[in-house]
Amino acid sequence: MISSSLPLNPKTLSRAQRAVRCSPFYMGLLAAMQSNSVALRAITDDRGMLNHYTRRPLSDVAADQDLGWLMAVGLIRREVDGQGLTDSFRLTPMGRKLVEQWEAAGRPDATGNPLDYLLNAKNRWLRLPTWLQ
């Protein structure tokens, strides 16, 4: 396991913060993942809004794609059980650091500005396929 005292690259942390601000999720979702795994079904449809996890109702596919981007930037990971991967998610050490910063700032739920959305889209959609990296 990676030590939480491991220094993070400021660009990596900035990209992760931007990914959350531009996502349909509230930081409360990541805070919930800090102590428990959160199942996909708790995030989708109206349940996500009722749990204060999402800004709007999301389909299973949309939620999975957006959670996939948060996995790609290193904030969350899929939960593993004795059978293999599950449909639940947990925080990574970087995700824990981000939640700690968010809680220290008084738990503000900010959305991205137009430049954030542009940079997030560039990072998310215009990246090299993993087989070329």
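Just so you know, the residues in each chain are numbered from 1, in the order the chain's sequence is written. Residues qualify for local features only when their pLDDT is at least 70, as the model is predicted, and side-chain atom pairs are given and counted only at 80 or more; totals for whole chains, interfaces and linings, by contrast, use all residues. To get the side-chain values, take all heavy atoms of the structure and skip hydrogens and water.

What is the right way to read helix H5 (residues 93-104) from this model?
For the α-helix, the turn length of 3.6 residues means that residues three or four positions removed from each other point alike. We count a stretch as a helix when DSSP gives it H or I for four or more residues in a row; a strand needs E for two or more, and each element gets its number in order from the N terminus. Multiplying 1.5 Å by the helix residue count minus one yields the expected span of that helix. Here H5 contains twelve residues, and its C-alpha end-to-end distance of 17 Å stays within 8% of the 16 Å for a straight helix at 1.5 Å per residue. What H5 keeps buried is the set Met-94, Gly-95, Leu-98, Val-99 and Trp-102. Viewed end-on, H5 has its buried residues packed into an arc of 140°, placing them on one side of the element. Any two residues whose heavy atoms approach within 4.5 Å at even a single point are treated as in contact. Where H5 is buried, its residues touch helix H1 (10-21), helix H2 (27-35) and strand E3 (84-91). Trailing H5 by a residue or two, Gly-106 shows a phi angle of about 90°, which is positive. Throughout this description, buried means an accessible area under 20% of the type-specific maximum (1.4 Å probe, protein chains only), exposed means over 50%, and partly exposed covers the range between. By arc we mean the arc of the directions from the helix axis to the C-beta atoms, nothing more.

I would appreciate a short explanation of H2 in the present structure.
Among all positions of H2, only Met-27, Leu-29, Leu-30, Ala-31 and Met-33 are buried. Packed against the buried residues of H2 are H1, strand E1 (38-39), helix H4 (60-72), strand E2 (76-81), E3 and H5.

Help me understand the packing of H2 against H5, please; the structure alone is not making it clear to me.
A pair of packed helices is captured by two measures, namely the crossing angle of their axes and the spacing between those axes. As a packed pair, H2 and H5 sit with axes 10 Å apart at the nearest point and diverge in direction by 120°. Taken together, the axis directions place H2 and H5 in an arrangement best described as oblique. Crossing of H2 over H5 shows left-handed handedness. Side by side, H2 and H5 meet where Met-27, Gly-28, Leu-30, Ala-31 and Gln-34 of the first sit next to Arg-96, Leu-98, Val-99, Glu-100, Trp-102 and Glu-103 of the second. Here the nonpolar group is Ala, Val, Leu, Ile, Met, Phe, Trp, Tyr, Cys and Pro; Asp, Glu, Lys and Arg are the charged ones; every other residue, Gly included, is treated as polar. Classifying every residue of the contact of H2 with H5 by side-chain character gives six nonpolar, two polar and three charged. Here, axes are lines fitted to C-alpha atoms. For helices the fit covers the stretch in contact, and angles between N-to-C directions go from 0 to 180 degrees. Angle categories: roughly parallel below 35 degrees, roughly antiparallel above 145, roughly perpendicular from 65 to 115, and oblique for all the rest. Each helix crossing is assigned a hand: it is left-handed if the near helix lies turned anticlockwise from the far helix by less than a right angle, otherwise right-handed if that turn is clockwise.

I would appreciate a short explanation of unusual backbone geometry in the present structure.
Where the residue is not glycine, phi is negative for most of them; where a peptide bond is considered, it is trans in most cases. Even without being glycine, Asp-45 reaches a positive phi, approximately 55°. On the secondary structure map, Asp-45 appears in helix H3 (residues 45-50). Even without being a glycine, Arg-107 presents a positive backbone phi close to 60°. In this structure, Arg-107 sits in the loop between H5 and helix H6 (114-125).

Is there a simple way to explain the environment of Val-38 in this structure?
Tracing the sequence through the fold places Val-38 in strand E1. The class for Val-38 is buried, based on a relative accessible area of 5%. Along the chain, Val-38 and Leu-50 lie twelve residues apart, while their C-alpha atoms are 14 Å from each other. Those residues within four positions of Val-38 in sequence are excluded, and the remaining contacts are Leu-29, Ala-32, Met-33, Ile-43, Tyr-53, Asp-87, Ser-88 and Phe-89.

Could you clarify how one ought to interpret the sheet that holds E1 in this entry?
Hydrogen bonds along the backbone pair up the strands of a sheet, which may run parallel or antiparallel. In this analysis, strands are considered paired if DSSP registers two or more bridges between them. Read across the open sheet, the three strands follow the order E1-E3-E2; overall the sheet is antiparallel. Each having just a single partner strand, E1 and E2 make up the two edges of the open sheet.

Please explain the nonpolar core as it appears in this structure.
One recurring pattern in soluble globular proteins is that nonpolar side chains are buried together. Judged by nonpolar contacts, the single largest core of 28 residues is most densely connected at Leu-29, Leu-30, Met-33, Ile-43, Leu-67, Leu-75 and Ile-76. Listing elements by their share of this core, those giving two or more residues are H1, H2, H4, E3 and H5. In terms of residues, this core owes the most to one element, H2, which gives five residues. Remark: nonpolar core denotes a set of buried residues (Ala, Val, Leu, Ile, Met, Phe, Trp, Tyr, Cys) joined through side-chain atoms within 4.5 Å.

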